[in-house]
Amino acid sequence: MTKLKANLLDEKAIKRSLIRISHEIIEKNKGVNDVVLIGIKRRGYPLAKRIAENIEQIEGVKVPVGYVDISLYRDDISEIQDLPEVNSVDLGVEVKGKKVILVDDVLYTCRTVRAAIDAIIDVGRPLGIQLAVLIDRGHKELPIRADYVGKNIPTSKSEIIAVEIEEIDGNEWVKIYEA
């Protein structure tokens, strides 16, 4: 049984966080030349599209947006099922020689991010990869850190961060639950 511990972000707070991240991406990259956004499926992809919309409003430039489905790259997939054969990956955008901004909803152990980086590098060698996340909850198992963070939420391993976004869930919030 899970018990609601706190409401962390509402719709307006999520929007403000994504606008701030959009500005930080523009500043750090001195504009958006050669920048592409890659959202990690599921919720990272709509968040990447929102960041691209923000950047277009701020800079007047359309940033290409693609997605990566990392289920075939997860290092724990053999615990779930037999390892599937990976034939090809189509991110929907060119990454070779580009500054890739990888977007996800929650950064936890970093295994999902590592898998996404593997998938991107399999397609082409980017100029660099940066990471943007809505929530960084700690408990990293790999030496990966986010370049852009909407909100840092120190958690215990027994807590659950739940993110719902309009495009997928019909709601817009981030909550923390006690497991």
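Shown above is the structure to which this text applies.
For the structure given in this document, a descriptive report is provided here. Nothing here was measured: the structure is a model prediction, and the numbers come from that model.

Attention shifts here to the sheet that holds strand β1 (residues 3–9). In space, the three strands of this open sheet follow the order β1-β8-β7, with antiparallel pairing throughout. One side of each edge strand has no neighbouring strand; the edge strands of this open sheet are β1 and β7 (159–164). Across the sheet, the mean angle separating the axes of adjacent strands is 25 degrees when strand polarity is ignored. As paired elements, β7 and strand β8 (residues 173–178) share six bridges and run antiparallel to each other. Residue pairing across strands places E159 opposite E178, the latter belonging to β8.

Here we come to the packing of aromatic side chains. Aromatic ring pairs are described here by two measures, namely the spacing of the ring centres and the angle between the planes. As enumerated under the stated definition, the model contains one aromatic pair in all. When the ring centre of Y108 is taken as reference, the NZ or CZ atom of R137 above it lies at 4.0 Å.

This part covers the side chain of Q130. Here Q130 lies in strand β5 (residues 128–136). Judged by relative accessible area, Q130 falls into the buried class, the value being 11%. Reaching out from Q130, the side chain makes a polar contact with the side chain of Y148 at a distance of 2.3 Å. Each residue touching Q130, except ones within four places of it in the same chain, is listed here: K28, N29, V100, I101, L102, D147 and Y148.

Conventions adopted
Residues numbered from 1 in each chain as written. Predicted model: local features only at pLDDT ≥ 70, side-chain atom pairs only at ≥ 80, totals over all residues. Heavy atoms only, no water. Pairing = 2+ DSSP bridges. Helix = DSSP H or I, 4+ residues; strand = E, 2+ residues; numbered from the N terminus. Axes fitted to C-alpha atoms, helices over the stretch in contact; angles between N-to-C directions. Phe/Tyr/Trp six-rings, centres within 6.5 Å; stacked < 30°, edge-to-face > 60°. Lys NZ or Arg CZ within 6 Å of the ring centre and 35° of its normal. Buried < 20%, exposed > 50% of the residue type's maximum accessible area, 1.4 Å probe, protein only. Polar contact = N/O pair within 3.5 Å; in protein donor to acceptor, adjacent residues only side chain to side chain. Contact = heavy atoms within 4.5 Å.

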